[in-house]
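Residues per chain, in single letters:
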Amino acid sequence: MKIQDLQKDSQYTVQQDFTDFYHNQFAYGERLTFVESHFLPYHGGYTILFKEKTLYLQEEENSNILDALGEYLQCTRE
């Protein structure tokens, strides 16, 4: 799964603990409802807005999460 695959108003469950670029914690089992995402090309960063919180990922620093997003977030409702 890629960021572009996230669907508005769908719920995603965190599949494993991880930390984003700004050290925000995402815990196993946490549920997030996707709103929208933005890409900042100058900084190579993604801002992913969920109703519950915001996820910040940077292409170089967080490549492990970006390359395997489906291992971190799983859709639980369409």
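Okay, so let's go over this structure. Computed from a predicted model, the values in this text were never measured in an experiment.

1. Regarding the overall build of the protein chain
Step number 1: When its secondary structure is counted, the protein chain shows two helices and seven strands.
Step number 2: For the protein chain, the N- to C-terminal ordering of α and β elements is β-β-β-β-β-β-α-α-β.
Step number 3: The C-alpha radius of gyration of the protein chain comes to 11 Å, within 12% of the 12 Å expected for a compact globule of 78 residues.
Step number 4: If one aligns the C-alpha atoms of the protein chain with their principal axes, the spans along those axes are about 35 × 20 × 20 Å.
Step number 5: Counting across all 78 residues of the protein chain, residues that qualify as buried make up 36%.
Step number 6: Taking all contacts inside the protein chain whose residues are at least 6 apart in sequence as the whole, residues at least 24 apart take part in 44%.

2. Quick word on the nonpolar core
Side chains of nonpolar character tend, in soluble globular proteins, to be buried together.
Step number 1: Core analysis: the largest hydrophobic core is formed by 19 residues, its most contacted members being I3, F18, I48, F50, L55 and L73.
Step number 2: Contributions of two or more residues to this core are made by β1 (11-14), β4 (31-40), β5 (45-50), β6 (54-58), α1 (63-67) and α2 (69-72).
Step number 3: Sorting elements by how many residues they give to this core places β5 first, with three residues.

3. With respect to the pattern of salt bridges
For side chains bearing opposite charge, pairing can occur when the charged atoms are close.
Step number 1: All chains considered together, the criterion is met by two salt bridges.
Step number 2: Where E30 meets K53, a salt bridge forms, and the shortest distance between an N and an O atom there is 3.0 Å. Of this pair, E30 sits in the loop between β3 (25-26) and β4 while K53 sits in the loop between β5 and β6, placing them 23 residues apart in sequence.
Step number 3: According to the relative accessible area criterion, K53 is partly exposed, its value standing at 24%.

4. Description of the packing of aromatic side chains
Step number 1: Taken as a whole, this structure holds six aromatic pairs when the rule is applied.
Step number 2: Geometrically, the ring pair formed by F18 and F26 is stacked, given 4.9 Å between the ring centres and 5° between the ring planes. Considered together, F18 and F26 belong to a single accessibility category, that of buried residues.
Step number 3: Considering the side-chain rings of F21 and Y22, the 5.1 Å spacing of their centres and the 75° angle between planes classify their relative orientation as edge-to-face.
Step number 4: Using a relative accessible area of 32% as the deciding quantity, one classes F21 as partly exposed.
Step number 5: By relative accessible area, which is 52% here, Y22 ends up exposed.
Step number 6: Through a chain of ring-to-ring contacts, three or more aromatic side chains come together here, namely F18, F26 and Y72.
Step number 7: Sitting over the face of the ring of F26, K53 holds its NZ or CZ atom 4.3 Å from the ring centroid.

Each value, and the rule that gives it
Residues numbered from 1 in each chain as written. Predicted model: local features only at pLDDT ≥ 70, side-chain atom pairs only at ≥ 80, totals over all residues. Heavy atoms only, no water. Helix = DSSP H or I, 4+ residues; strand = E, 2+ residues; numbered from the N terminus. Rg over C-alpha atoms; globule rule 2.2 N^0.38 Å. Buried < 20%, exposed > 50% of the residue type's maximum accessible area, 1.4 Å probe, protein only. Contact = heavy atoms within 4.5 Å. Core = buried A, V, L, I, M, F, W, Y, C linked by side-chain atoms within 4.5 Å. Salt bridge = Lys/Arg side-chain N within 4 Å of Asp/Glu carboxyl O. Phe/Tyr/Trp six-rings, centres within 6.5 Å; stacked < 30°, edge-to-face > 60°. Lys NZ or Arg CZ within 6 Å of the ring centre and 35° of its normal.

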